[in-house]
Each structure stands twice: as structure tokens, then as C-alpha cells.
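Structural description and commentary
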Amino acid sequence: MSAINAEPPSPLQQLQHWFQGLPLVTRWLVTSLAVSAVTSGLGLVRPTQLLVLNDVLSRNPWQIWRFFTAPFYSSLGFPFLMDLYFTYQYSVDLEQSFYMNKTGDYLFFVLFGIGCMDLSSILGQTFLGSSATTVFLASPTVLVTYLIYVWSQHRRETQVSFFFGITFQGMWLPWVLLGYDFLLGNTFPVHRLAGILIGHLFHFLDKIYPEQNGGRRVLVTPQFLVERFNAPPPPNTASGSTSSHPIPPASSSGATAATGPTTRYRWGSGQRLGSD
């Protein structure tokens, strides 16, 4: 009787349950994006305190937090909401499907992308001068596109639907978003393209290169990340850092399976460090 008369959870409790149910790295990504946008929107922090700025780093090289905060800096608004939603959808599918029980590998994948973004921003400011284009080579748009590109390489045949009911294979999603941004803006979407290039770099080093060189790997997850975050290997399975992993049964958190060969695109999905 008590169970029947129990009050339903409040919206705050439901939000807390949803948040606690997110996989670890996705929870960190979503939280970082949200906190950055809210604090900057309230004027608690300034962009110059978070971004990778060559002139500031040359005077204060100890401000290493900039390399971690820059890819998450955003202001409140519709672009922020879309970046947040994209990150949630794609990161959940990547972490729960293709990096299942490989949280350390997934964290390494994310840190690799962030490192490439920071390096691109530093080199861009060095050779092209400081501008919104070069500074924001480390930004949420680049990070989200990086996630989307790697997802698209592992969900190549997944059918996704875009605006106006347009459907296409998952492999084309990054390019569709690039074209969409180009149509909406007055300039070429450099930051979207940067995310695609960094995503392809990771995919090449992690998958294409080993396949073409007898399994020789360039990217290997550091052992301390494996030991700290990865789940223990199942019985009769060699332990240690590896990018090889079985693909779990078809279940999707970002691209929702429909009754048939088509998957409805809900702005998100993914894979883990190494193999399909």
C-alpha cells in the first residue's frame, strides 16, 4: 500500500537521477560546458581568463588551466544549447557502446582531441595572429564536431534524419553540419572543419594506420588511465591497454533504433579507442 501511495519523484530528483546515470566522462563534458556557459553568462568569469591566448601564456606560463577550459568556453544562447545537446547525445553513445567498460580509453580519446585543439589555437595565433578564428580553434564547436566525426566513422551505415525529413548515412553527418553552418553564416565554418580534421587525425592514427601496418599502434592509452578507469577484463581476457573491443548488441543512446533499417537521428551517438 505504501508503494502505491508513494509520491512520484520531483523534477529536481528526476534531474539528479538522470545526471548521476550519465557515464563518467560524458558527465564531465556536460558539466564543464554548462558551468562555463553559466559562469560567463553571469559575469563571474571573463573569456580572457579561460581561453588559450598566446600573449597571456607568454607572460604567465603557469596558467595551464586554460588548456582545459578553452574547449568548453561558451556563452548562454541557442548555440550553447545545441553544443550541449550534441555533446550529451554523441558522448553517451560513444562511451556506453563502443567504449563500454573502457572509460580510460574514452578519456584518452577526449584528451587527445582537446590537446589537438589547444595546439591548433596556439599555432594559429603564432602564424596568423590572434583573432576570433584562431583563438576559438579550441572551442565547444570544434570539440562537438570531433566527437561527431569519430561517431560517424563507426556508425557509417546508420541512417539519420536531418531537418525537413532529409535522411542520409551517418558517415555524411559531419559534412552535412559543415554545409548547414555555411548556409547559415557569412563565412566558411572554419571551426567545424577543424573538428573534422582533428577527428580524422584520431581515426587515422587509431584505426587506419594500425590496419595498414600489421597492427602496429601509434596511439596507446596510458597505463595509469587503464588501471584507474577501465573495468576489469572478463575472465580469459588479457589485461592491459588495448584499443580492441567487441561491439555490444545493437542499442543506441544517441541514434534511436526504429522498426526497420532506418535509425531516427536525435542529434547524437558513437565508438571506443581502436576497432569497430
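All of these numbers come straight from a predicted model, not from anything done at the bench. (Residues numbered from 1 in each chain as written. Predicted model: local features only at pLDDT ≥ 70, side-chain atom pairs only at ≥ 80, totals over all residues. Heavy atoms only, no water.)

1. Points about the overall build of the chain
A count of helices and strands for the chain gives 12 helices and four strands. Long-range contacts, defined as pairs at least 24 residues apart, comprise 70% of the intrachain contacts of the chain with a sequence gap of at least 6. (Helix = DSSP H or I, 4+ residues; strand = E, 2+ residues; numbered from the N terminus. Contact = heavy atoms within 4.5 Å.)

2. Description of the packing of aromatic side chains
Summed over all chains, the structure comprises 17 aromatic pairs. Between Phe112 and Phe202, the aromatic rings sit 5.7 Å apart at their centres with planes inclined by 55°, giving tilted as the arrangement. Residue Phe112 is located in helix H7 (residues 103-128), and its partner Phe202 is located in helix H11 (residues 190-212); the two are separated by 90 residues in the primary sequence. Residues Phe112 and Phe202 agree in their burial class; the two are buried. One residue, Arg228, lies across the ring of Phe229, its end atom 5.1 Å from the ring centre. (Phe/Tyr/Trp six-rings, centres within 6.5 Å; stacked < 30°, edge-to-face > 60°. Buried < 20%, exposed > 50% of the residue type's maximum accessible area, 1.4 Å probe, protein only. Lys NZ or Arg CZ within 6 Å of the ring centre and 35° of its normal.)

3. As for the confidence of the model for the chain
Close inspection of predicted coordinates is inappropriate for parts of the model with low pLDDT. Scored by pLDDT, the chain comes out at a mean of 83, with 82% of its residues at no less than 70. Between residues 237-276, whose pLDDT stays under 50, and residues either more than four places distant or in other chains, the model counts 124 contacts. (pLDDT = per-residue confidence, 0-100.)

4. A closer look at the side chain of Ser91
Of note, Ser91 is situated in helix H6 (residues 78-98). Of the polar contacts made by the side chain of Ser91, one reaches the side chain of Thr26; its length is 2.7 Å. Ignoring any residue separated from it by four or fewer positions in sequence, one finds Ser91 in contact with Thr26, Leu29, Phe86, Tyr106 and Leu147. (Polar contact = N/O pair within 3.5 Å; in protein donor to acceptor, adjacent residues only side chain to side chain.)

5. Brief notes about the layout of surface pockets
By volume, the largest pocket is sized at about 790 Å³. Forming the boundary of the largest pocket are 27 residues, of which Pro79, Asp83, Thr141, Asp181 and Arg192 lie nearest the centre. Elements with a minimum of two residues in the lining of the largest pocket: H6, helix H9 (140-154), helix H10 (173-184) and H11. When residues of the lining of the largest pocket are assigned to their parent elements, the largest contribution, six residues, is made by H6. Residue classes in the lining of the largest pocket are distributed as 16 nonpolar, eight polar and three charged. (1 Å grid on protein atoms, 1.4 Å probe; cavity = no way out; pocket = protein on both sides within 12 Å on 5 of 7 lines; lining within 4 Å. Points joined across faces, edges and corners; volume = space filled by probe spheres on them. Nonpolar A, V, L, I, M, F, W, Y, C, P; charged D, E, K, R; others polar.)

6. Digging into H10
Between its first and last C-alpha, H10 extends 17 Å over 12 residues, near the 16 Å set by a 1.5 Å rise per residue. Along H10, the positions that sit buried rather than exposed are Leu173, Pro174, Leu177 and Leu178. Seen end-on, H10 carries its buried residues on one side only, within an arc spanning 145°. (Expected span 1.5 Å × (residues − 1). Arc of directions from axis to C-beta.)

7. Remarks on a nonpolar patch on the surface
A surface patch of nonpolar side chains, amounting to about 560 Å² of accessible area, comprises Phe163, Phe164, Ile166, Tyr180 and Leu184. Relative to the elements of secondary structure, Tyr180 occurs in helix H10. (Patch = residues over 30% accessible without salt bridge, like charges linked within 9 Å, V, L, I, M, F, W, Y side chains within 5 Å. Areas by Shrake-Rupley, 256 points an atom, 1.4 Å probe, with all protein chains shown as cover. Salt bridge = Lys/Arg side-chain N within 4 Å of Asp/Glu carboxyl O.)

8. Remarks on the pattern of salt bridges
Across all of its chains, the model carries four salt bridges by this definition. Across the pair Arg192 and Asp181 runs a salt bridge, and its minimum N-O distance is 2.7 Å. Of this pair, Arg192 sits in helix H11 while Asp181 sits in helix H10, and the two are 11 residues apart along the sequence. Residue Lys207 pairs with Glu211 through a salt bridge whose shortest N-O separation is 3.1 Å. A residue pair is termed a helical-turn pair when its members lie 3 or 4 positions apart in one helix, as Lys207 and Glu211 do in helix H11 at four residues. Residue Lys207 is classed as buried on the basis of its relative accessible area, which comes to 10%. Look at Glu211 and you get exposed, because its relative accessible area is 57%.

9. Thoughts on the nonpolar core
Core analysis: the largest hydrophobic core is formed by 48 residues, its most contacted members being Tyr106, Phe109, Tyr146 and Phe202. Those elements that place two or more of their residues in this core are helix H3 (24-41), helix H4 (54-59), H6, H7, H9, H10 and H11. When residues in this core are grouped by element, the largest group, nine residues, is from H7. (Core = buried A, V, L, I, M, F, W, Y, C linked by side-chain atoms within 4.5 Å.)

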